[in-house]
Amino acid sequence: MRLILCGLVFLTTAALASPVEDDLERLLKERGLVSQVTDQLTQQISNQLSGPLQSARNTFGGKASEMVIQAMGLLGVPYKRGGSSEEKGFDCSGFVRHVFKEVQGKELPRTSAEISKLGESVDKQDLQPGDLVFFNTLRRAFSHVGIYLGDNKFIHAPSAGGAVRIDSMDLSYWKNRFNGA
């Protein structure tokens, strides 16, 4: 299933990007990965991902777009407490650290609280794709972190039993726990 989701991310990306990515789409079709997904699932995922991808590309291109694409390529990777690899799974900070290392070449601290002390604070209304968003999920500030995608959505490794996914910051759970960016 993860491979199919990655294929859909790449197909969505291909529809929005350069002709070079058409080769990837052709490869996925040749290997039968595209045909394994129903049109309905494809449409749902495409609708969910196209806004943030296009927003990142239009606004920034470069590193922000790479951050969003790298993060979305990890959709479906299982949650693992203390996890920091695609093979073993991710916790929230392990996921963010992995994406930053891959795209920026930078090592971030291990915990979301430590990560929150880096960089500069961003007002919620000024969020841009690639910004980090922090939440109070364990009755302590900055106990959860994700990567902002645009359109008030973020990607993160949520909790035990879950997998890397996209959520809306408009959901009451996240809205009530937002700590900053």
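The preceding data block contains the structure.
Anyway, here's the lowdown on the structure attached to this text. What you see is a predicted model, and the numbers here were worked out from it, not measured in a lab.

### Digging into the overall build of the protein
The number of helices and strands found in the protein is seven helices and seven strands. Along the protein, helices (α) and strands (β) appear in the sequence α-α-α-α-β-β-α-α-β-β-β-β-α-β when read from the amino end. Put simply, the protein has 181 residues, and 43% of those count as buried. Sequence separation of 24 or more characterises 51% of the internal contacts of the protein that already satisfy a separation of 6 or more. Of the roughly 9500 Å² of accessible surface on the protein, a fraction of 48% belongs to carbon and sulfur atoms.

### Quick look at the packing of aromatic side chains
Each aromatic ring pair is specified by the distance between its two centres and by the angle formed by the two planes. Applying the stated criterion to the full structure yields seven aromatic pairs. Between Phe135 and Trp174, the ring centres sit 4.9 Å apart and the planes meet at 70°, which makes this aromatic pair edge-to-face. Of this pair, Phe135 sits in strand E3 (residues 132-135) while Trp174 is found in helix H7 (residues 172-177), placing the two residues 39 residues apart along the sequence. Considered together, Phe135 and Trp174 belong to a single accessibility category, that of buried residues. With centroids separated by 5.8 Å and ring planes inclined at 70°, the aromatic side chains of Phe135 and Phe178 adopt a geometry described as edge-to-face. Residue Phe135 is found in strand E3, and its partner Phe178 is found in strand E7 (residues 178-180); the two are separated by 43 residues along the sequence. Above the plane of the ring of Phe178 lies Lys124, whose end atom (NZ or CZ) is 4.8 Å from the centre.

### Some remarks on the pattern of salt bridges
In the structure shown here, the tally under the stated rule is four salt bridges. The partner of Arg110 in a salt bridge is Asp91, and the shortest N-O contact between them spans 2.8 Å. With Arg110 in the loop between helix H5 (92-104) and helix H6 (112-115) and Asp91 in the loop between strand E2 (89-90) and H5, the pair connects residues that are 19 residues apart, well separated along the chain. We classify Arg110 as partly exposed; its relative accessible area is 29%. Looking at Asp91, the relative accessible area reads 10%, which means it is buried. One salt bridge connects Asp167 with Arg165, and the closest N-O pair in it is separated by 2.8 Å. For Arg165, a relative accessible area of 37% corresponds to the partly exposed category. The structure contains a network of salt bridges with shared partners spanning Arg97, Lys101 and Glu107.

Criteria and thresholds
- Residues numbered from 1 in each chain as written.
- Predicted model: local features only at pLDDT ≥ 70, side-chain atom pairs only at ≥ 80, totals over all residues.
- Heavy atoms only, no water.
- Helix = DSSP H or I, 4+ residues; strand = E, 2+ residues; numbered from the N terminus.
- Buried < 20%, exposed > 50% of the residue type's maximum accessible area, 1.4 Å probe, protein only.
- Contact = heavy atoms within 4.5 Å.
- Areas by Shrake-Rupley, 256 points an atom, 1.4 Å probe, with all protein chains shown as cover.
- Phe/Tyr/Trp six-rings, centres within 6.5 Å; stacked < 30°, edge-to-face > 60°.
- Lys NZ or Arg CZ within 6 Å of the ring centre and 35° of its normal.
- Salt bridge = Lys/Arg side-chain N within 4 Å of Asp/Glu carboxyl O.

So yeah, pure geometry; function would need other evidence.
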